[in-house]
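One-letter residues, chain by chain:
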Amino acid sequence: MSQYKSEQEAAESGVYIRKIQSFVKREGRLTNGQAKALELHWPTMGLEHKDGLLNLAEVFGRVAPLVLEIGFGMGKSLVEMAKNEPDKDFIGIEVHTPGVGACLADAAEQGVTNLRVYDHDAVEILADCIADNSLSRMQLFFPDPWHKTRHHKRRIVQPDFVQKLRAKLEMGGVFHMATDWENYAEHMLEVMSQAAGFKNQSTSNDYVPRPEQRPLTKFEQRGHRLGHGVWDLMFEKVS
Ligand SMILES: C[S@@+](CC[C@H](N)C(=O)[O-])C[C@H]1O[C@@H](n2cnc3c(N)ncnc32)[C@H](O)[C@@H]1O
C-alpha cells in the first residue's frame, strides 16, 4: 500500500488491498439440528448484508431500544439476554454459520421474537446496514484474543473501529466488552481510554463488575475453571 495514503485512496485507484480481518472462517460442519434451524427460521430471523440499511420498524414491527452483539458464538448468552429484556430489540452478528444455526435453534426453542441475526463480517454490517445514532448498547463478549504479538493487529478493538462504532451508538449508548485474556483487557482499556467521545463507566477508571444483564458464557465458564479472571469494560458515548 506504500504509494497510497489510505486503503480508500488505493481502492479508488483500482488497487485491491486484502483487509485485515478479526476472524478466520472455520468451515465447521452443520449439525442436523443447526441445518434444520437455518432452514426453518432464517426466513423470519435472518438478515442479509446485501439488503443494505436496516429499516428497524419494518424488521421488528416496532421501534424499541436496539442492542447489537458482535461475534455471538453459539448465541447462548445473546438468546438469554433477548429473552430477559423483551422491551428491547437485539441483532446478533456472527461469521461462524454453525453458531448462527445454533442461535436460531435456541431462540426458536425459547420463543424469543425480538432477535435477528446476520451471518456476515460485523465490520461490513456496521458500515452498510446500521444507521448512525441507532444503538442503545453494543456488545462484544470474549472476542478472539489473537494471543501472539504479530497478530494483535487482528484484534477487533482498534482506534479506528471504535470510532466507527461510536457513530452507530446513540448519545448515552454504551459499548460493553468482556474478555478473559488479561492482555486484551489492557489493550481494550488503552484503546478506549484514548478514544474521543467515550466516558468510562468504571468508578476506578478501569473495569466494572459483570452487570447482571450479561449471563456467564461458555467461554467464561471455561475461563473460570482454568482459574482465569474476566474483565468487563463499559464505555458510554458522551459526544
Ligand atoms: C472467541 S468467540 C466468542 C463467542 C461468544 N461471544 C462467547 O462468548 O461464547 C469469538 C467469535 O467472534 C466471531 N467473530 C470474530 N470476528 C468477527 C467479525 N468481524 N464479525 C462477526 N463475527 C466475528 C468468531 O467467529 C467467533 O465465533
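This is a predicted model, so every value here is computed, not measured.

## Overview of the UniProt feature "binding site: S-adenosyl-L-methionine" (unreviewed entry) in the protein chain
And then number 1: When the UniProt feature table is mapped onto this chain, "binding site: S-adenosyl-L-methionine" (unreviewed entry) is found at Glu69, Glu94, Asp121 and Asp144. A maximum C-alpha distance of 14.1 Å places the annotated residues, which cover 76 residues in sequence, within one compact spot.
And then number 2: Along the polypeptide, glutamate 69 turns up in strand S2 (residues 66-70).
And then number 3: Residue classification places glutamate 69 among the buried positions, given that 25 C-beta atoms sit within 10 Å.
And then number 4: Judged by local crowding, aspartate 144 falls into the partly exposed class, with 16 C-beta atoms found within 10 Å.

## What about the site of the ligand?
And then number 1: Taken together, 22 residues lie near the ligand, and Phe23, Gly71, Gly73, Ala122 and Phe142 sit nearest.
And then number 2: Those elements that provide at least two residues to the shell around the ligand are strand S3 (89-94), helix H6 (122-129) and helix H9 (218-225).
And then number 3: Taken together, the residues of the shell around the ligand break down into 12 nonpolar, six polar and four charged.

## Description of unusual backbone geometry
And then number 1: We note that phenylalanine 142 has phi near 55°; this positive angle belongs to a residue other than glycine.
And then number 2: Along the chain, phenylalanine 142 falls in the loop between strand S5 (135-141) and helix H7 (159-168).
And then number 3: Positive phi is not limited to glycine here, since tryptophan 146 has a value of about 45°.
And then number 4: Inspection of the secondary structure assignment puts tryptophan 146 in the loop between S5 and H7.

## A word on the nonpolar core
And then number 1: One finds Cys103, Leu104, Leu115 and Met188 to be the most contacted residues of the largest nonpolar core, which totals 55 residues.
And then number 2: Ranked by residue count, the leading element in this core is helix H5 (residues 97-110), at six residues.
And then number 3: Setting aside residues no more than four positions away along its own chain, leucine 104 makes contact with Ala37, Leu38, His41, Trp42, Met45 and Val117.

Basis of the calculations
Residues numbered from 1 in each chain as written. Predicted model: local features only at pLDDT ≥ 70, side-chain atom pairs only at ≥ 80, totals over all residues. UniProt positions renumbered as here; feature names shortened; annotations may be inferred. Helix = DSSP H or I, 4+ residues; strand = E, 2+ residues; numbered from the N terminus. Buried ≥ 20, exposed ≤ 12 C-beta atoms within 10 Å, placed from the backbone. Near = placed C-beta within 6 Å. Nonpolar A, V, L, I, M, F, W, Y, C, P; charged D, E, K, R; others polar. Core = buried A, V, L, I, M, F, W, Y, C linked by C-beta atoms within 7 Å. Contact = placed C-beta atoms within 7 Å.

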